[in-house]
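Each chain, written out:
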Amino acid sequence: MDSAYPSSTAPSPALQKVAAEAAARQKKTSGHSSRRLLPLRVGTRGSPLALVQTRAFLTMLTRFCPVLRDMGAFQEHQINTTGDQVQDRRLAEIGGKGLFAKEIHEALSDGRIDFAVHSLKDLETTLPPGLVLACTLRREDARDALILGPTLAPTDPDDPYSALPQGAMVGCASVRRQAQMLHVRPDLKFGLLRGNVQTRLDKLVARQCDATLLALAGLRRLGMEERASLVLSPTVMVPAAGQGIVGVTVREDDVELRELLAAIEDYEARAVATAERALLAELDGSCRTPIGGYAQLIPVVAGEAPKLHLTGLVAREDGSFLLKRDISGAPEDAARLGRELGESLRADSPSDIFEE
Ligand SMILES: NCc1[nH]cc(CCC(=O)O)c1CC(=O)O
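Residues numbered from 1 in each chain as written. Predicted model: local features only at pLDDT ≥ 70, side-chain atom pairs only at ≥ 80, totals over all residues. Heavy atoms only, no water.

Undergrad: Explain the site of the ligand to me, please; I cannot follow it from the model alone.
TA: What surrounds the ligand is a group of 15 residues, the closest being Lys121, Asp122, Arg177, Ala215 and Arg221. Within the side chain of arginine 177, an N or O atom sits 3.0 Å from an oxygen atom of the ligand. The fraction of the free accessible surface of the ligand (400 Å²) that becomes covered by protein chains is 93%. Contributions of two or more residues to the shell around the ligand are made by helix 2 (48–64), strand 8 (211–215) and helix 7 (216–221). Its residues placed into classes, the shell around the ligand shows 5 nonpolar, 5 polar and 5 charged. (Near = heavy atom within 4 Å. Polar contact = N/O pair within 3.5 Å; in protein donor to acceptor, adjacent residues only side chain to side chain. Areas by Shrake-Rupley, 256 points an atom, 1.4 Å probe, with all protein chains shown as cover. Helix = DSSP H or I, 4+ residues; strand = E, 2+ residues; numbered from the N terminus. Nonpolar A, V, L, I, M, F, W, Y, C, P; charged D, E, K, R; others polar.)

See the structure below:
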């Protein structure tokens, strides 16, 4: 399998040294380690996107760790989650958070798998006790894409929604996407569109709606980037916290695996994910609370350390209220920056939008 990750994730010599040392230590001590080292049992959802992400990660891992030189070192465990099973209702109606991870966490906690690969935006901000986010991978493009139905075509790139006629029906399951569109186009109609990426695209072609929105990262990883009619700037559509980032969870006490996964961590992805997830945790909205969070590391002065810039958004589901604010600071203060921005947004928003 070709990795879906760009070659720029090629390990630096330092990372390769750390990973090789970790692997060598594991090999030497594996007879005494707290668990069998190989095969490593990896948990994943069974959607095409989840499988592409998981297999790309495993391919990357074999490049970093000589002892895992081929895919025979892994056992893939596809786990059907509640979020995958219930397709006819909004996630908010069936409990919302963690619906794409609950059963995977259970398999990790009781030792049926050794680690799990997730889309970070589907991972709740507070993990079950005994589990940790051990690794975040280099962020794919975080932006949302607008996909137009067969009878529509992009018109004005500076006004991406101009392609949508008055009263157009948008298929969407995300209150974040819905609120931001309704705020500028209150005439639009929204219909529930659940299912994996291909299912949603099929429903669009079958004219069950006039347009839909999908994460560019998912389309790109599935080799479907050309289906994006327009890519929405984060200033037009603030992405979901963690969108475009793949994260790996392990048991907190699995020191060997945590050490190996830490060696392939993407520092920038960890910093921006930490800020965005701290913002989300602070707002702690119900699953009906539209919340966006997008952080970037931006060089301020050539040769100086970059600054972390975080944009946060809260809104009412119908778009009648929308508040967007920014904060900047040092990447190592990512968690504090996320919390402070969340406090600021919550203080100046109607309290009812956070209620279940
Ligand atoms: N549960 C939906 C989901 N979770 C992660 C992605 C895209 C991949 C990513 O954000 O890394 C998607 C599809 C979408 O929002 O279009």
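Undergrad: It is not clear to me how the UniProt feature "coiled-coil region" (unreviewed entry) in the protein chain should be interpreted in this structure. Could you clarify?
TA: Mapped onto this numbering, the UniProt entry annotates "coiled-coil region" (unreviewed entry) at residues 250–277. Taken as a whole, residues 250–277 contains 68% helix and 7% strand, while its terminal C-alpha atoms sit 18 Å from one another. (UniProt positions renumbered as here; feature names shortened; annotations may be inferred.)

Undergrad: Even after reading the chapter, I still don't get the confidence of the model for the protein chain, so can you show me in this structure?
TA: A low pLDDT score tells you not to read the predicted coordinates there in detail. When pLDDT is averaged along the protein chain, the result is 89; 87% of the residues meet or exceed 70. Prediction confidence for the complex, expressed as pTM and ipTM, is 0.89 and 0.97 respectively. (pLDDT = per-residue confidence, 0-100.)

Undergrad: How should I be thinking about the packing of aromatic side chains in this particular structure?
TA: Counting across every chain of the model gives 1 aromatic pair. Pairing phenylalanine 57 with phenylalanine 115 gives two aromatic rings, centres 6.0 Å apart and planes at 80 degrees, and the pair type is edge-to-face. Of the two residues, phenylalanine 57 is situated in helix 2 and phenylalanine 115 in strand 3 (residues 115–119); the sequence distance between them amounts to 58 residues. Across this residue pair, the class does not change: phenylalanine 57 and phenylalanine 115 are buried. The cationic tip of arginine 346 hangs over the ring face of phenylalanine 354; the distance from NZ or CZ to the ring centre is 4.4 Å. (Phe/Tyr/Trp six-rings, centres within 6.5 Å; stacked < 30°, edge-to-face > 60°. Buried < 20%, exposed > 50% of the residue type's maximum accessible area, 1.4 Å probe, protein only. Lys NZ or Arg CZ within 6 Å of the ring centre and 35° of its normal.)

Undergrad: For this particular structure, what's the right way to read the sheet that holds strand 10 (residues 246–251)?
TA: Spatial strand order, 2-1-3-10-4: 5 strands in an open sheet with mixed pairing. The open sheet has two free edges, formed respectively by strand 2 (74–78) and strand 4 (131–136), since each of these has just one partner strand. For this sheet, the mean angle separating the axes of adjacent strands, direction not counted, is 30 degrees. Taken together, the 2 bridges between strand 1 (residues 40–44) and strand 3 define a ladder with parallel strand orientation. When the bridges of strand 3 are listed, glycine 43 appears paired with alanine 116. In the packing of helix 2 onto the sheet, the strands contacted are strand 1, strand 2, strand 3 and strand 10, and the crossing angle to strand 3 comes to about 125 degrees. (Pairing = 2+ DSSP bridges. Axes fitted to C-alpha atoms, helices over the stretch in contact; angles between N-to-C directions. Contact = heavy atoms within 4.5 Å.)

Undergrad: Sorry if this is basic, but what is going on with empty space enclosed by the protein here?
TA: Remark: the empty space left among the atoms is shown by a probe the size of a water molecule rolled over them. The tally for this structure, following the rule as stated, stands at 3 cavities of 30 Å³ or more. Quantified by volume, the largest cavity comes out at close to 80 Å³. Along the walls of the largest cavity sit Thr44, Arg45, Ala50, Gln53, Thr54, Phe100, Ile104, Val117, His118, Ser119 and Asp122, which together make up its complete lining. Grouping the constituent residues of the lining of the largest cavity by class yields 4 nonpolar, 5 polar and 2 charged. (1 Å grid on protein atoms, 1.4 Å probe; cavity = no way out; pocket = protein on both sides within 12 Å on 5 of 7 lines; lining within 4 Å. Points joined across faces, edges and corners; volume = space filled by probe spheres on them.)

Undergrad: Please clarify how the sheet that holds strand 7 (residues 189–191) should be interpreted in this entry.
TA: With mixed pairing, 5 strands are arranged side by side in an open sheet as 7-6-8-5-9. Among the strands making up the open sheet, the edge pair consists of strand 7 and strand 9 (230–231). Strand direction decides the pairing type here: strand 5 (residues 144–148) and strand 9, joined by 2 bridges, are antiparallel. Among the inter-strand pairings, alanine 145 is bridged to a residue of strand 9, identified as valine 231. Contacting strand 5, strand 6 (169–171), strand 7 and strand 8, helix 5 (residues 175–184) runs over the sheet at an angle of about 125 degrees to strand 8. Those strands touched by helix 6 (residues 197–205) are strand 5 and strand 8, and its axis lies near 160 degrees from that of strand 8.

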